[in-house]
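Next come the chains, spelled out residue by residue.
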Amino acid sequence: MTQRQITEVRTAHPSRDGDGIAIQRISGMRHAGMDPILMIDELRSEQREDFAGGFPPHPHRGMQTLTYLKRGGISHEDSLGNRGEIRGGGAQWMSAGRGVIHSEMPTVDTNGLHGFQLWVNLPAARKMSAPNYRDVPANELVEWRGEGTSATAIAGQWHLADADVTGPLAELAGHAGVLDMSLDPEVELTLQVPDEENLLAYVYAGSMIVNAREVHAQQMAVTSAGRVMTLHAGVEGTQVLLLRGAPLGEPVANYGPFVMNTPDEIEQTLRDYQSGQFP
């Protein structure tokens, strides 16, 4: 089976979003090797002032969000009347479809926050679909343990060593999968993925090596096609978020929280939002 190679290492850049919340961001709005993943934000701080303002009400159209927390709590509210709260280990998924306004705010007892928010593209045929929302608490996620390794499956089916692990969230566009994996120092693990899917590996602690190429914390590996990838943890071990999905191969036009296929559709989205047509 063909081994995947690292074709590019992308480094997260510090930024702020929402009401000044501190993030590390990798954007891939028109990156063929990241499709259908549009953006990865890592939220991590021990200082409440870095995230206390949260993400006040704001609109979205044409994409999905997935928030996965390692530590802390987040409350979700949206214009369709959905409300939910997740704690460390849980996930929240929202499909904006034709339009929704939502907020994500840290819970009052959150003093340290660590998590990720992913933007996943919707195909053109589903961009104007009805919005949807789902909470996935930590006890619904699927845990796996091997020798010197452990993983939490959030979405998609993963073949790890000699085991298949499937996350409970099946609603991500592009059959996208999300797996949170930890490897002890210098432990090696081989995973198999469909050759036609893109595979990304965002390292958030320690380092990993793939075919002699090293990836450090707050860096993401973009990989070539191939059925197999072997991860080798560095001397401090590694914690890595693995993302995969079938590329849509469609044009991307984006403006702030809106992701469509053409500039004309973005202009129409702005008119719709300004005229109060979002729910």
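In this report, the structure presented in the accompanying data block is examined. Since the structure is predicted, the reported quantities are computational estimates derived from the model, not experimental observations.

Criteria and thresholds
- Residues numbered from 1 in each chain as written.
- Predicted model: local features only at pLDDT ≥ 70, side-chain atom pairs only at ≥ 80, totals over all residues.
- Heavy atoms only, no water.
- Helix = DSSP H or I, 4+ residues; strand = E, 2+ residues; numbered from the N terminus.
- 1 Å grid on protein atoms, 1.4 Å probe; cavity = no way out; pocket = protein on both sides within 12 Å on 5 of 7 lines; lining within 4 Å.
- Points joined across faces, edges and corners; volume = space filled by probe spheres on them.
- Nonpolar A, V, L, I, M, F, W, Y, C, P; charged D, E, K, R; others polar.
- Buried < 20%, exposed > 50% of the residue type's maximum accessible area, 1.4 Å probe, protein only.
- Pairing = 2+ DSSP bridges.

A look at the environment of Val120
Next, step 1: Its place among the elements puts Val120 in strand β11 (residues 113–121).
Next, step 2: Distance from Val120 to Glu250, taken between C-alpha atoms, is 13 Å for residues 130 residues apart in sequence.

Let's talk about the layout of surface pockets
Next, step 1: Of the pockets and cavities examined, the largest pocket occupies roughly 180 Å³.
Next, step 2: Lining the largest pocket are 14 residues, with Asp17, Phe55, His58, His60 and Trp119 sitting closest to its centre.
Next, step 3: At the level of secondary structure, the elements contributing two or more residues to the lining of the largest pocket comprise β4 (37–45), β5 (55–60) and β11.
Next, step 4: When its residues are assigned to classes, the lining of the largest pocket shows five nonpolar, five polar and four charged.

Details of the pairing of β4
Next, step 1: Summarising burial for β4: eight of the nine residues are buried, a large majority.
Next, step 2: Sheet topology note: the strand β3 (residues 21–27)/β4 ladder contains four bridges and is antiparallel. By the bridge assignment, Ile26 is partnered in β4 with Ile40.
Next, step 3: Relative to β11, β4 runs antiparallel, the two sharing eight bridges. Each bridged residue has a counterpart across the sheet, and for Glu42 the counterpart in β11 is Phe116.

As for empty space enclosed by the protein
Next, step 1: Counted by the stated rule, this structure contains two cavities of 30 Å³ or more.
Next, step 2: Roughly 50 Å³ of volume is contained in the largest cavity.
Next, step 3: Lining the largest cavity, in full, are Leu43, Phe55, Thr67, Ile74, Glu104 and Gln117.
Next, step 4: The volume enclosed by the second largest cavity comes to roughly 30 Å³.
Next, step 5: Considering the residues around the second largest cavity, the lining is formed by Thr65, Thr67, His76, Gln92, Trp93, Met94, His102, Glu104 and Tyr133.
Next, step 6: If you list the elements that add at least two residues to the lining of the second largest cavity, you get β6 (63–71), β9 (91–95) and β10 (100–106).
Next, step 7: With three residues, β9 is the largest single contributor of residues to the lining of the second largest cavity.
Next, step 8: The class makeup of the residues in the lining of the second largest cavity is three nonpolar, five polar and one charged.

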